[in-house]
Amino acid sequence: MIYGHGDDAYRYGDKIKMNFSSNVYSGADLSALKEYLMEHFDVVSHYPEPEPQELERLLADYLGVPENTVMVTNGANEAIYLIAQLYKGWASVIPQPTFNEYEDACKAYGHLISYDSTDELELLPEDRLYWLCNPNNPTGNILLKSLINHIIRKNPRYLHVVDQSYADYTLSPTLEAREMVDCHNVMLIHSLSKKYCIPGLRLGYIFSSPIIIDRLRNLRQPWTVNAMAIEAGKYLITHDAKMIPSLDAYLAEARRLREELAAIEGLMVMDTVTNFMLVNMDFGDTTDLKKWLIDTHGILIRDASNFRGLDNHCFRVTARSKEEDDLLLEAIKQYKTLKEKDQ
């Protein structure tokens, strides 16, 4: 569960110098936000709104949708668990490999889970959810916006949860809330934490029909979104902050990193439309590689062996600066040389 995620630098004290395990852009300039939050630091001495309604109003206006179609959550993770709770006991289809929390949330609330096997789908009850991570974590691939829209609208009997937490890390089109207002069988999950590069503040939201949003509100505990996160969200949305100066340039560096990794004999790198990529290696194993990179270079990668369908030859990395990416490449080449000498 949570301890199997990336960005677990907290487990290694001050050993980590370069963190390639987090999918959040590492070069964001947060200085203006920091200054604003210091000016409004007194919010921590008061209870926040039990529900972050003011932030939800700002967000709905920003998205161009009715206020009653948006619910702000404590990160995308709270959104996932609330949806699983609302549809407790339903069937859930979760294509693999993908973000582990869909499965964990569904197990917590007694869902009958299918991993997208055709034979299983024929046996599932009609009350079912389809979970899609788009762009997908950990693979970095994406389904066409037109295809997802077609599937959702042609299958009104089923509910579709589309997690677009990485929508701001791709140039490929994704579903927009204002285009889905007339669609009552979809829930879009977004991560403001990733969009604005503030994962420690935990901000996400769900867009869906007013009926579904109202039912989700009835499940949510009060004060799940803290005062500082609410204040940060209000500032960022009002100022329409751009934390990635040039997405084109950043993704170009990600493509370069992928090509350089793929050029190392023994590595196979999946195509990606995002800033992160899934790598399969045939020398050593990823648990050993992760430990060696930390101990030798202070580099942290994401061991992807705990994703369903993957094994201990899979890891995920996220592009950083060219200089840092080159250090990662050189370190992996060093590890490969050591493994070859051991044989």
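Above this text sits the structure in question.
Sequence positions are assigned chain by chain, starting from 1 and proceeding in written order. Given that this is a predicted model, residues contribute local features only at a pLDDT of at least 70 and side-chain atom pairs are listed and counted only at 80 or more, while totals for whole chains, interfaces and linings are drawn from all residues. Water and hydrogen atoms play no part in the side-chain values, which are based on all heavy atoms of the structure.

Asks: Explain the pattern of salt bridges here, please?
Replies: Close approach of charged atoms allows side chains with opposite charge to pair. By salt bridge we mean one thing: a side-chain nitrogen of Lys or Arg within 4 Å of a carboxyl oxygen of Asp or Glu. Going through the model one piece at a time under the given rule, you end up with 26 salt bridges. Among the ionic pairs, E176 bridges to R178, the shortest N-O distance being 2.7 Å. E176 sits in the partly exposed class, given a relative accessible area of 30%. A salt bridge links D271 to R258, with the nearest nitrogen and oxygen atoms 2.9 Å apart. Taken together, the positions of D271 in the loop between β9 (267-269) and β10 (276-281) and R258 in helix α10 (residues 247-262) put the pair 13 residues apart, joining distant regions of the chain. Throughout this description, buried means an accessible area under 20% of the type-specific maximum (1.4 Å probe, protein chains only), exposed means over 50%, and partly exposed covers the range between. Look at R258 and you get buried, because its relative accessible area is 18%. Under the scheme used here, helices are H or I runs from DSSP no shorter than 4 residues and strands are E runs no shorter than 2 residues, and both carry numbers assigned from the N terminus.

Asks: Would you take a moment to explain helix α2 (residues 53-63) for this structure?
Replies: In an α-helix, one turn spans 3.6 residues, which is why side chains three or four residues apart end up on the same side. Restricting attention to buried positions, one finds in α2 the residues L55, E56, L59, A60 and L63. Viewed end-on, α2 has its buried residues packed into an arc of 135°, placing them on one side of the element. Of the surrounding elements, those touching the buried residues of α2 are β2 (70-73), β8 (204-207), α8 (210-219) and α9 (227-238). G64 occupies a position one or two residues after α2 and carries a positive phi of about 75°. Read the arc as the range of directions from the helix axis to the C-beta atoms. It only takes one pair of heavy atoms within 4.5 Å for two residues to be counted as in contact.

Asks: Is there a simple way to think about the sheet that holds strand β5 (residues 128-133) in this case?
Replies: Across a sheet, strands are paired by hydrogen bonds formed along the backbone, either parallel or antiparallel in direction. Any two strands with at least two DSSP-identified bridges between them are counted as paired. Spatial strand order, β2-β8-β7-β6-β5-β3-β4: seven strands in an open sheet with mixed pairing. What marks the edges here is a single partner per strand, and that holds for β2 and β4 (112-114). Shown here is a sheet whose adjacent strand axes are inclined to one another by a mean of 20°, direction ignored. With three bridges joining them, strand β3 (residues 91-93) and β5 adopt parallel strand pairing. The residue of β5 that forms the bridge with V93 is Y130. Along the sheet face, α2 touches β2 and β8 and points at about 125° away from the line of β2. Angles run from 0 to 180 degrees between N-to-C directions of axes, and those axes are lines fitted to C-alpha atoms, restricted for helices to the stretch in contact. The strands touched by helix α3 (residues 75-86) are β2, β5, β6 (159-163), β7 (186-191) and β8; relative to β7, the strand with the most contacts, the crossing angle is about 155°.

Asks: Explain the pairing of β10 to me, please; I cannot follow it from the model alone.
Replies: The side chains of a regular strand alternate, first on one face of the sheet and then on the other. Counting buried positions over the six residues of β10 gives five, a clear majority of the element. Judged from the three bridges that link them, β9 and β10 form a sheet pairing that is antiparallel. Looking at β10, one finds that L267 is bridged to M281. Two successive antiparallel strands, β9 and β10, enclose a turn made up of six residues.

Asks: Looking at this structure, how should I read the sheet that holds β9?
Replies: Pairing is antiparallel across the open sheet formed by four strands, whose spatial order is β9-β10-β13-β12. Every interior strand has two partners, whereas the edge strands, β9 and β12 (302-303), have only one.

Asks: What should I look at first to understand the environment of Q221 in this one?
Replies: Within the secondary structure, Q221 is located in the loop between α8 and α9. With 172 residues separating them along the chain, Q221 and E49 place their C-alpha atoms 12 Å apart.

Asks: Would you explain the packing of helix α1 (residues 31-39) against α9 in this entry?
Replies: Relative orientation and spacing of two packed helices are given, respectively, by the angle between their axes and the distance between those axes. Put simply, α1 and α9 touch, their axes get as near as 10 Å, and they point 125° apart. In terms of axis orientation, α1 runs oblique to α9. When you trace α1 past α9, the crossing you get is right-handed. Only M228, E231, A232, Y235 and L236 of α9 make contact with α1, whose side of the interface consists of A32, L33, Y36 and L37. Throughout this entry, Asp, Glu, Lys and Arg are counted as charged residues, while Ala, Val, Leu, Ile, Met, Phe, Trp, Tyr, Cys and Pro are counted as nonpolar. The remaining residues, Gly among them, count as polar. Considered class by class, the residues forming the contact of α1 with α9 number eight nonpolar, no polar and one charged. Roughly parallel refers to an angle under 35 degrees, roughly antiparallel to one over 145, roughly perpendicular to one between 65 and 115, and oblique to any angle outside these ranges. Put simply, a crossing is left-handed when the front helix is turned counterclockwise from the back one by less than a right angle, and right-handed when it is turned clockwise.

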